[in-house]
Amino acid sequence: DRQTEMQEALRRVAPTVEEFRHPGGPLDPVEMAATFASPGQPAKRSTILFLHGKGGRACEWEDSALLALGLGYNVLLPDLRGHGDSGGRYTTFGLLEKDDLANAITSAKRRWGVDPTRLGIHSCSAGSSVALELAGHRPAVRAIWLESPFADARKMARHYLSASTGVPGFLLSLALTLAHAQTYT
């Protein structure tokens, strides 16, 4: 599988590679999965946290993780809530995930001595909303690189709801407009 292939590729360039489990956040405590890799002496290096989009997995970041390791960074590659080997049924675009990731960072600090004040985030698509939520609650995040973030959360939610239910987007828009009108009249 792709996750195993990624870990094998990481092992070819980094002496420390480990898949680990950590607890999810307190609002919906499920077991989460992540991979940590370091080119050596993890406590002395900055760490890049890679966040995939909706429907993705950590292994999508294999090429970027290999590049980061080659440049001397630690890498932390979680399967976000409800994806891959992580538990959870819902994607909340950062509401629950920020706590899941805080626990992953704490686990990396305990296990490998990772400095949580030397953290950068590289994200794509829906993972970018998670990145912003996490960074908004962790002032120690030093850098964020958002690839293809969405500009309108309502449009994105409508798109995914339509795709998963088969209800046409225009009907969902109509229902949301009516619900909004009822709420504010």
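Throughout what follows, the structure given in this document is the object of discussion. Model, not experiment: these values are computed from the prediction. (Residues numbered from 1 in each chain as written. Predicted model: local features only at pLDDT ≥ 70, side-chain atom pairs only at ≥ 80, totals over all residues. Heavy atoms only, no water.)

### A closer look at the overall build of the chain
Note the threshold: Helical segments are the DSSP runs of H or I of at least four residues, strand segments are the runs of E of at least two, and each set is numbered from the N terminus. Here the radius of gyration uses the C-alpha set of atoms, whereas the globule reference equals 2.2 Å times the residue count to the power 0.38. Categorising residues by exposure relies on relative accessible area from a 1.4 Å probe, with only protein chains included: less than 20% of the type maximum marks a residue as buried, more than 50% marks it as exposed, and the intermediate range marks it as partly exposed. Throughout, a residue-residue contact means that at least one pair of heavy atoms, one from each residue, lies within 4.5 Å. Residue exposure ignores everything except the shown protein chains as possible cover, and the areas themselves are Shrake-Rupley values with a 1.4 Å probe. Positive charges come from Lys and Arg alone, negative charges from Asp and Glu alone, with His and the N- and C-terminal ends not counted. We put the charge of a Lys on NZ, of an Arg on CZ, of an Asp on CG and of a Glu on CD.
Secondary structure summary: the chain contains six helices and six strands in total. Taken from the N to the C terminus, the helices and strands of the chain come in the order α-β-β-β-α-β-α-β-α-β-α-α. Relative to the globule expectation of 16 Å for 185 residues, the C-alpha radius of gyration of the chain, 18 Å, shows essentially globular dimensions. In terms of overall dimensions, the chain has a C-alpha envelope of 60 × 35 × 30 Å along the principal axes. Expressed as a percentage of the 185 residues in the chain, the buried residues total 43%. Considering only residue pairs separated by 6 or more positions, the chain has 64% of its internal contacts joining residues 24 or more positions apart. Summing over all exposed atoms, the chain offers an accessible surface of approximately 9,700 Å²; the carbon and sulfur share of this is 55%. Taking the 20 positively charged and 19 negatively charged side chains of the chain as two groups, their mean positions are separated by 5 Å.

### Regarding the packing of helix H1 (residues 2-13) against helix H2 (residues 62-70)
Which entries qualify depends on this criterion: In this description, a line fitted to the C-alpha atoms serves as the axis of each element, helices being fitted only across the stretch in contact, and the angle between N-to-C directions of two axes falls anywhere from 0 to 180 degrees. An angle counts as roughly parallel when it lies under 35 degrees, as roughly antiparallel when it exceeds 145, as roughly perpendicular when it falls between 65 and 115, and as oblique in every other case. Should the near helix be turned counterclockwise from the far one by less than a right angle, the crossing is left-handed, whereas a clockwise turn marks it as right-handed. When residue character is reported, Ala, Val, Leu, Ile, Met, Phe, Trp, Tyr, Cys and Pro are called nonpolar, Asp, Glu, Lys and Arg charged, and the others, Gly included, polar.
Running from amino to carboxyl end, H1 crosses H2 at an angle of 15°, the nearest separation of the two axes being 10 Å. With respect to each other, H1 and H2 are oriented roughly parallel. Note that H1 runs across H2; the crossing there is right-handed. The segment H1 lies against H2, with Arg 2, Glu 5, Met 6, Ala 9, Leu 10 and Val 13 engaging Glu 62, Ala 65, Leu 66 and Leu 69. Classifying every residue of the contact of H1 with H2 by side-chain character gives seven nonpolar, no polar and three charged.

### Quick look at the sheet that holds strand S1 (residues 16-23)
Operational definition: Paired strands are those between which DSSP finds at least two bridges.
Spatially, S1-S2-S4-S3-S5-S6 is the arrangement adopted by the six strands of the open sheet, whose pairing is mixed. Of all the strands in the sheet, just S1 and strand S6 (141-147) have a single pairing partner and so form its edges. Averaged over all adjacent pairs, the angle separating strand axes in this sheet is 20°, with direction ignored. Judged from the six bridges that link them, strand S5 (residues 119-124) and S6 form a sheet pairing that is parallel. Considered in S6, the bridge of Ser 123 is made with Leu 146. In the packing of H1 onto the sheet, the strands contacted are S1, strand S2 (31-38) and strand S4 (74-79), and the crossing angle to S2 comes to about 25°.

### With respect to the nonpolar core
Generally speaking, a soluble globular protein has its nonpolar side chains buried in company with each other. We apply this condition: Grouping buried Ala, Val, Leu, Ile, Met, Phe, Trp, Tyr and Cys residues that are joined through side-chain atoms within 4.5 Å yields what is termed a nonpolar core.
Of all hydrophobic cores here, the largest spans 20 residues; its most connected members are Leu 49, Leu 51, Leu 76, Leu 101 and Ile 121. Listing elements by their share of this core, those giving two or more residues are S2, strand S3 (47-51), helix H3 (97-112), S5 and helix H4 (127-137). When residues of this core are assigned to their parent elements, the largest contribution, five residues, is made by H3. For Leu 76, the contacting residues outside a window of four places in its chain are Phe 20, Ala 34, Thr 35, Phe 36, Thr 47, Ile 48, Leu 49, Phe 50, Ala 104 and Ile 105. With 16 residues, the next largest nonpolar core counts Leu 10, Val 17, Trp 61 and Val 75 among its residues.

### Details of the packing of aromatic side chains
Here is the rule we go by: Pairs were defined over the aromatic rings of Phe, Tyr and Trp, the Trp ring being its six-membered one, requiring ring centres within 6.5 Å. Orientation was assigned from the angle between planes: stacked under 30 degrees, edge-to-face over 60, tilted for the rest.
Across all of its chains, the model carries three aromatic pairs by this definition. Look at Phe 20 and Trp 112: their rings are 5.2 Å apart centre to centre, the planes differ by 70°, and that puts the pair in the edge-to-face class. Here Phe 20 is found in strand S1, whereas its partner Trp 112 is found in helix H3, with 92 residues between them in sequence. A ring pair is formed by Phe 36 and Trp 112, whose centres lie 4.3 Å apart and whose planes are at 15°; its orientation type is stacked.

### Side note on the environment of Arg 2
Threshold: Polar contact is the term for a pair of N or O atoms within 3.5 Å; when the atoms are in protein, one must be able to donate a hydrogen and the other to accept it, and sequence-neighboring residues count only if both atoms are side-chain atoms.
Here Arg 2 lies in helix H1. Separated by 58 residues in the primary sequence, Arg 2 and Glu 60 have C-alpha atoms spaced 8.4 Å apart. Within the structure, Arg 2 has its side chain in polar contact with the backbone oxygen of Cys 59 (distance 3.2 Å).

### Observations regarding empty space enclosed by the protein
Threshold: As defined here, a cavity is a set of points on a 1 Å grid over the protein atoms alone where a 1.4 Å probe fits but cannot get out. A pocket is an open set with protein on both sides within 12 Å along at least five of seven lines, and residues line them when an atom is within 4 Å of a point. Grid points are joined across faces, edges and corners, and a volume is the space filled by probe spheres set on the points.
Here the structure, examined in full by the defined rule, presents two cavities of 30 Å³ or more. Taken as a whole, the largest cavity holds about 40 Å³ of empty space. If you trace the largest cavity, you find it lined by His 52, Gly 53, Lys 54, Leu 80, His 83, Thr 91, Phe 93, Glu 97, Ala 126, Gly 127 and Val 130. The class makeup of the residues in the lining of the largest cavity is four nonpolar, five polar and two charged. In this structure, the second largest cavity encloses a volume near 30 Å³. His 22, Met 32, Pro 78, Asp 79, Leu 80, Asp 100, Leu 101 and Ala 104 together form the lining of the second largest cavity. For the lining of the second largest cavity, the secondary-structure elements that each account for two or more residues are S4 and H3. The dominant element in the lining of the second largest cavity, judged by the number of residues it contributes, is H3, at three residues. Taken together, the residues of the lining of the second largest cavity break down into five nonpolar, one polar and two charged.

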